[in-house]
Amino acid sequence: MQFLRHILASVGRVFASLRMTIGIVLMLLLVGIGTVGPLFVDVSKSDPISVRTNQPPSAQHPLGTDSGGRELVAVMVAGTPQTLRMGVLAGLIGVAVGVTLGLVSGYFGGWPDRVISTVTDVMLTIPPLAILLVIAASVKAVNVEMLAVIIASLSWMYAARVVRAQVLTLREQNYVQMARLSGMSNFNIIFREILPNIVPIAFAALVGAISAAILSGIGIEVLGLGPQDTPTLGMTIYWALLYSAFSRGMWWWWLPPIVILMLLFIALFLISSALDDVANPRLRSSQ
Amino acid sequence: MTWGYVLRRLAMFVVVLWGAVTINFIVPRLAPGDPTAAVLEQLAARGQQSAGAGDIVAAYRARFGLDDPILLQYWRYVSNTFRLDLGTSISYFPQSVSGSILMALPWTIVLLGVATVIAFGVGSLLGALLAWPGSPRAVKALAPLLMVLSAIPYYLLALIVLYLLAIWTGIFPLGGAFSGQAPSFTPAGLLDLADHAFLPALSIVLAGVGFWALGMRGAMIGVLGEDFLTLGEAKGLPPGKVFFGYAMRNALLPQVTSLAIALGTAASGSVLVEVAFNYPGIGYLLYNALRASDYFLVQGIAFFLVLTVAVAVLALDLVYPLLDPRIRRQ
Amino acid sequence: MTAPLLDIRNLSVSYGIGGRRATAVDGLSLTLGAGERLGIVGESGSGKSTLALALLRLHKPPAQIDSGEIILGGTDILKLDKAALRNFRWSEISMIPQGAMNSLNPVVRVESQMADTIHAHRPDFSRRQITARIEQLLERVGLDRTVAKLYPHELSGGMKQRVCIALAIVLEPKLIIADEPTSALDVVVQRVVVETLKDVQTQIGAAMIMIGHDMGLMAQTVDQLAVMYAGRLVDVAPIGDFFRRPLHPYSQLLISSLPSPDETKPLAGIPGMQPSLLELPTGCAFHPRCPLKQPICLDRVPLLLEVEPRRRVACHVVAEASLERQ
């Protein structure tokens, strides 16, 4: 009973921030497109050559069809969850790697720290697009999972940096010193004393990583290097531009994915900004 | 600024480049079906169609030495890259990769440079004003707009700008950098260049300004609580002096640091903006290279992207001590 | 009798915290004559720093001035408009901030920070005049001329504090407020800084309010001492009288808790803790810790009354006793 009340209190606090509320509502809407959508829409029509091509929106096809014979409502319903999945997967992997590296680097110091920090700084300086290009261009057939892994390899740096900074502070805290003096093994200390305090900041980094991952994913897809067979939002934009949807006035092709993506990024931004405020109360008090 | 500091920054610069080259070397060899070999076959095929190209291909085979031990290949690759010998382009055969890139690079650097400077300058000023208690209400009302802008990726913003200002209303040209066959530098020609560059630049500025503004706002809030600011006010200094000389001047330090970190993302985004506008910079070159599976060109562009950013970061690192006297002694 | 230089009448400053208001300065009234030195002591949270900031109107939201007047040289500071306030600041009243560690702009040289102040108030001064004045001031505080070209991080704590002193007198104000000017310094440096402060203050004939919690320092520096507790003045007396015969029970406890080099006695603190400004006790705020507590102390807030010539005390028991004597 106590536990339940505790959870409800936390949930209440979460929604105390307007930004967080709007962000979460938007996210739920977008996730809903993918989960609830298939109940209303025939997703198989997102495959090529399922319907007549180049049809403007009508009662039968509310978002029209594209040059490949795909029904765009179906594409949106099928594609949105793919993009979300890729982002979440990449974000999770990236943050997992980043947190691990940050923990090792921050807790142990010495040369592991120096090596990891240098690599982190180098990878932060290199524009992600450059590496993604090289990888994506080498690997001919890319699916959503592979794309996620590739992108994750470039999303760990921010989490590593941020976690390392936090661990450095935590390491000097009294309770950690006590644990060390009491002969607790390093592994135990990291897991039981430090890790729980990392969770809030890791979570904030996760939201940021998901956002960055989807951003990179869009960048890759828009250049045509994304999954060729599965519908995704980025690839839809690519196909649209490739077939001159702009000049042919086929706004129903390129506008919906852009709108959905914009909503997605705004939602992620709002959530991440609200989380930042919790981590940094000074920002809050100035409003 | 001590030599130690400069050397450390230069060392980082070299390490970054070396890291990029190594990734460029390793990745294709890890992928199933070595693209390098495939590219060579393509080159050979093309070579048979142009006179004198046979020599290039032969030289290439010798240079790559696919039968040599991997370390030797690696060494050759690294030294070639550092000499900016990045190979021959397939789609622009027989032009070299460096050649193609160097033709497109100025367009990108000017566009990216000018637009980023504007975005950083305007964004920082707006951000500082957002945090400053004495700013007019109208400025503070911009905060939500800036937040939304910062969330939207460069490419999507470019498409929206393209549609609204070029296709729908037809105010600006649809793409390219100039009308006609070649750019001219007469007054009329310069105007034409500006006309074409406006939308891509606008996209980059709009996409970046929100991020810089929010960053500066955070930095300013950090400075607002400091004692020297209180003393500055207590001294009866005019508010402008306190804002610029005491507050912003100190908030710029973390802001410039974040510029160095964010440059990679800004460069990546701007490259995609070029794709949207068919602007003849590296982005456009990239798009065509990918269409034509011109692998060496893609690699070369990736490397140049890293090079450009690394140079900019190095420059910033060397400028930073000029801004923060506390760093100078290190 | 000449009008006092500084006349604070019934000043109240409060903070809003989470919907409630905490009164940091409660109906405070004080006067100070030209050239006089007043010390204000109190524990942290007694409201003394709030008072210091309020005197220059530097307090920031959520702090606000609820009522009162601060009259310096005939002008009510609280009624000045923004432009007049800017002129008034530093030229009539200046401050030496708490902890010079962070009070100097880190990215600007010492001379620039002094020059911009001079220039803001005296735009007629030429560059040469400004430079000359800066050199003069640095010499007065015992610093070498070359300090002008240095950055704050290149100075030691004592040097930074002396730069702040030089800065404070740059326009020869009538009143200097020194807010814990030596708290971050070691004892040896403290002495140098305090002596410097006293010298320059006397030289320019300014009055000084020194805020702190170091009783020993106060004993050596000020003419008059005021004790603050939970936002109110509870004891005001000439310094010698205060130490020889403290009247308010809080003052007595403060003095007896000072370690003495002469007698060996157990260290005595003051039992209990200062109340949170959000939840003040009823009546006299000190009553929970007071050895002389009477029933009336829980009921009514004692007024600051002149129980002896030049001595004001806010305590029912002391007031009662002085009445009986008359």
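The written sequence of each chain sets the order in which its residues are numbered from 1. Naming scheme: in the order in which they are written, chains are lettered from A and ligands are numbered from 1. pLDDT decides what is reported in this predicted model: residues at 70 or higher carry local features, side-chain atom pairs at 80 or more are listed and counted, and totals for whole chains, interfaces and linings draw on all residues regardless.

**Digging into the overall build of chain A**
How we decide: Strands are runs of DSSP state E lasting at least 2 residues, helices are runs of H or I lasting at least 4, and numbering of each runs from the N terminus. The exposure scheme places C-beta atoms from the backbone and then counts, for each residue, the other C-beta atoms within 10 Å of its own, assigning buried at 20 or more, exposed at 12 or fewer, and partly exposed in between. We call two residues in contact when the distance between their C-beta atoms, placed using the backbone, is within 7 Å.
Helix and strand counts for chain A stand at 13 helices and zero strands. In sequence order, chain A lays out its α and β elements as α-α-α-α-α-α-α-α-α-α-α-α-α. Along the three orthogonal principal directions, the C-alpha set of chain A runs to about 75 × 50 × 35 Å. Across the 287 residues in chain A, those meeting the buried criterion constitute 45%. Within chain A, contacts between residues at least 6 apart in sequence are counted, and of these 71% link residues at least 24 apart.

**Here's the deal with the packing of helix H5 (residues 97-131) of chain B against helix H13 (residues 295-323) of chain B**
All names here are of chain B. Heads up, the condition is: In this description, a line fitted to the C-alpha atoms serves as the axis of each element, helices being fitted only across the stretch in contact, and the angle between N-to-C directions of two axes falls anywhere from 0 to 180 degrees. Each angle receives one of four descriptions, namely roughly parallel if under 35 degrees, roughly antiparallel if over 145, roughly perpendicular if within 65 to 115, and oblique otherwise. By definition, any crossing whose near helix is turned counterclockwise from its far helix by less than a right angle is left-handed, and any crossing with a clockwise turn is right-handed.
Interaxial distance between H5 and H13 falls to 10 Å at its minimum, and their mutual angle equals 50°. Classified by the interaxial angle, the pair formed by H5 and H13 is oblique. Viewed along their axes, H5 and H13 form a crossing whose handedness is right-handed. Side by side, H5 and H13 meet where Val97, Ser98, Ser100, Ile101 and Leu105 of the first sit next to Phe296, Leu297, Gly300, Ile301 and Phe304 of the second.

**Comments concerning the packing of helix H10 (residues 186-222) of chain A against helix H11 (residues 233-242) of chain A**
Residues and elements named next belong to chain A. Operational definition: Under the grouping applied here, Gly and all other residues not named as nonpolar or charged are polar, the nonpolar ones being Ala, Val, Leu, Ile, Met, Phe, Trp, Tyr, Cys and Pro and the charged ones Asp, Glu, Lys and Arg.
The interhelical angle for the contact between H10 and H11, taken along N-to-C directions, is 30°, at an axis separation of 8 Å. The angle between H10 and H11 places the two elements in the roughly parallel class. Between H10 and H11 the crossing geometry is right-handed. Facing Gly217, Ile218, Glu221 and Val222 of H10, the residues of H11 in contact are Gly234, Met235, Ile237 and Tyr238. For the contact of H10 with H11, the class distribution of residues is five nonpolar, two polar and one charged.

**Topic: the domain arrangement of chain B**
Where interface size is given, it is often the accessible area lost as the parts come together that is meant. Residue and element names in this part refer to chain B. Definition in use: Where each domain begins and ends is defined by an automated method or by a domain database.
We note that the domain assignment places domain 1 (3-82) and domain 2 (102-329) within chain B. When residues of the side of domain 1 that touches domain 2 are assigned to their parent elements, the largest contribution, nine residues, is made by helix H1 (residues 3-30). Class assignment for the residues of the side of domain 1 that touches domain 2 results in nine nonpolar, two polar and one charged.

**A few points about the nonpolar core**
For the record, the criterion: By our criterion, buried Ala, Val, Leu, Ile, Met, Phe, Trp, Tyr and Cys residues that link up through C-beta atoms within 7 Å make up a nonpolar core.
Formed by 275 residues in total, the largest nonpolar core has its most connected members in Ile301, Leu305 and Val306 of chain B. The residues that make up this core include at least three from each of domain 1 (3-82) and domain 2 (102-329) of chain B. Setting aside residues no more than four positions away along its own chain, Leu305 of chain B makes contact with Pro127, Leu129 and Ala130 of chain A together with Ala267, Val271 and Ile282 of chain B.

**A word on the pairing of strand S11 (residues 305-308) of chain C**
Looking along a regular strand, one sees the side chains alternate between the two faces of the sheet. Going by this rule: Any two strands are treated as partners once DSSP identifies two or more bridges connecting them.
Here S11 of chain C pairs with strand S12 (residues 311-313) of chain C via three bridges, running antiparallel. Bridge pairing links Glu308 of chain C to Arg311 of chain C in S12 of chain C.

**Side note on the sheet that holds strand S8 (residues 207-212) of chain C**
Residues and elements named next belong to chain C. Spatially, the eight strands line up as an open sheet ordered S6-S7-S8-S3-S9-S10-S12-S11, and their pairing is mixed. The two strands at the open ends of the sheet, each matched to only one other strand, are strand S6 (93-96) and S11. When the angles between neighbouring strand axes are averaged without regard to direction, this sheet yields 25°. By the bridge criterion, four bridges tie S6 to strand S7 (residues 175-179) in an arrangement that is parallel. When the bridges of S7 are listed, Ser94 appears paired with Ile176. Packed on one face of the sheet, helix H1 (residues 48-55) meets strand S3 (37-41), S6, S7, S8 and strand S9 (224-229) and runs near 150° to S7.

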